[in-house]
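Given next are the chains, with one letter for each unit.
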Amino acid sequence: MTVRLSFHAVAISAMLTLSGTSAFAASCGSGSFDAWLSDFKSEAAAKGISQNAITAGLNGVTLDQSVLSRDRSQKVFSQTFEEFSGRMVPPRLLRGSNMLKQYGSVLSRIEQAYGVPGEVLVAIWGLETDFGVNIGKFPTIRSLATLAYDCRRADEFRGELMDALRIIDRGDLAASEMRGAWAGEIGQTQFMPSSWIKYAVDFDGNGRRDLLHNVPDVLGSTANYLAGYGWKRGKDWEPGSPNFAVLQQWNKSEVYAKTIATFATQLSHAP
C-alpha cells in the first residue's frame, strides 16, 4: 500500500550547505544522473559501505521517470474512514482470521517478546500487502536513487538509499531481490530501508532479517517497530488510547490508523 507514502514527506532543507556535509555530496538534480550517482558511490564508500555492496546495488542504475511522475502526482488522501475501511477490511477478514490461526504460535511468541497482539500485526499485514501477496514490483534501488537525485525530497531519500545499501552489505537481501513499492517501501509490511535497519529482526533465528519472504521476521519486525514507538503491553488500541497514537506512528493518517484498529478488533472477535 502506497497510501502511507504521502505521510513520509518532509520539507527540503539546505543541508548540503551545512558544515559536516560529506565532501562527496552532489547537489540534487544538478548535472547528469550518472555524475550524481558516481559521487554518491564515493560517499557510500566513505561511510564504510563495502565496494561489493556498492557495485551490486548501484552499477547500471538509471533514472526512472515513472517514479518521478508518481511522486509528483500524489493526491491528498481524501477517503473517509467509512469508505476506506469498508473497502479494505471485509475482503480481508476471513483470510486474516486464517492467518491468525496459521501463525498462532509465532504470534504468541512475538506478543511475549514485544507486547503487540497478533490481531494488530495481522491487520497491518493485510492492509499493507494482502498478507504478502502484493509487495510491489519496482526495483528498490532504482526508485530510491531516482528520488534522491530529484530535489523534492532529496535528503530524505539520500538517507534511504544509503540504508538500502546497508541492507545489502549486511546480507539481509541481495540487490536483485529488492523490489517493492515505487517509493522504496519493501517487504510484506512495507518498511522503508531506514526502518528496516532500525527495527528488522531475525525472529526465527536463521541468520537473516528477511522481510520479503520470512513471515516470522515480517511479523516480529513489525511488532518491534510498534514497540519502538511505545506500544503499551496489554492495553487497548482503539482511538483515544496510547496504542492508537502508536498506530499513527505507523501511518499518520487517522483514517488509516482507525482502519488498522477496526480490523484488529474484528479479528479479535472472529471465530
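Before reading on, note that the structure itself is shown above.
Once a new chain begins, its residue numbering starts again from 1 and follows that chain's sequence as written. Given that the model is predicted, a residue must reach a pLDDT of at least 70 before its local features are reported, and side-chain atom pairs must reach 80 or more before they are shown or counted; all residues, however, enter totals for whole chains, interfaces and linings. Neither water nor hydrogens contribute to the side-chain values; these are computed over all heavy atoms in the structure.

Student: Can you walk me through the overall build of the protein in this structure?
Tutor: Numbering of helices and strands starts at the N terminus; helices are DSSP runs of H or I of at least 4 residues and strands are runs of E of at least 2. If you tally the helices and strands in the protein, you get 13 helices and 2 strands. The C-alpha atoms of the protein give a radius of gyration of 19 Å, which matches the 18 Å a tight globule of 271 residues would have. The principal-axis extent of the C-alpha atoms belonging to the protein is close to 60 × 40 × 35 Å. Burial status across the protein gives 49% buried among its 271 residues. Each accessible area is a Shrake-Rupley estimate made with a 1.4 Å probe; only the visible protein chains count as cover when residues are assessed. As displayed, the protein has an accessible area near 11,800 Å², and 52% of this comes from carbon and sulfur atoms. This count recognises Lys and Arg as positive and Asp and Glu as negative, with His and chain-terminal groups excluded. Just so you know, the charge point we use is NZ for Lys, CZ for Arg, CG for Asp and CD for Glu. A gap of 1 Å separates the mean positions of the 27 positive and 27 negative side-chain charges of the protein. Between the two quantities, the radius of gyration covers C-alpha atoms and the globule rule is 2.2 Å times the number of residues to the power 0.38. Between buried and exposed lies partly exposed: a residue is buried under 20% and exposed over 50% of the maximum accessible area for its type, with that area taken using a 1.4 Å probe on protein chains only.

Student: Help me understand the nonpolar core in this model?
Tutor: Judged by nonpolar contacts, the single largest core of 80 residues is most densely connected at Trp36, Val120, Trp125, Leu226 and Leu247. For leucine 247, the residues in contact, after removing those within four places along its chain, are Val120, Leu226, Trp231, Trp237, Ala257, Ile260 and Ala261. We define the nonpolar core as a collection of buried residues of types Ala, Val, Leu, Ile, Met, Phe, Trp, Tyr and Cys that are connected through side-chain atoms lying within 4.5 Å of one another. Any two residues whose heavy atoms approach within 4.5 Å at even a single point are treated as in contact.

Student: How do you make sense of the environment of tryptophan 237 when you look at a structure like this?
Tutor: Its place among the elements puts tryptophan 237 in the loop between helix H11 (215-228) and helix H12 (242-250). Given a relative accessible area of 11%, tryptophan 237 falls into the buried group. Along the primary structure tryptophan 237 and arginine 153 are separated by 84 residues, whereas in three dimensions their C-alpha atoms are 32 Å apart. When neighbours within four sequence positions are excluded, tryptophan 237 is seen to be in contact with Pro117, Glu119, Val120, Trp231, Asn243, Phe244, Leu247, Ala261, Ala264 and Thr265. Residues adjacent in sequence count toward polar contacts only when both atoms are side-chain atoms; beyond that, a polar contact is any pair of N or O atoms within 3.5 Å, and within protein one must be able to donate a hydrogen and the other to accept it. Engagement of the side chain of tryptophan 237 in a polar contact is seen with the backbone oxygen of alanine 261, the distance being 3.2 Å. At 3.0 Å, the side chain of tryptophan 237 and the side chain of threonine 265 are in polar contact.

Student: Explain the environment of tryptophan 196 to me, please; I cannot follow it from the model alone.
Tutor: Checked against the element boundaries, tryptophan 196 lands in helix H10 (residues 193-199). Expressed as a C-alpha distance, the spacing of tryptophan 196 and glycine 104, which sit 92 residues apart in the sequence, is 24 Å. What tryptophan 196 contacts, discounting residues up to four positions off in sequence, is Ile167, Arg170, Asp172, Leu173, Ile186, Phe191, Arg209, Asp210, Leu211 and Leu212.

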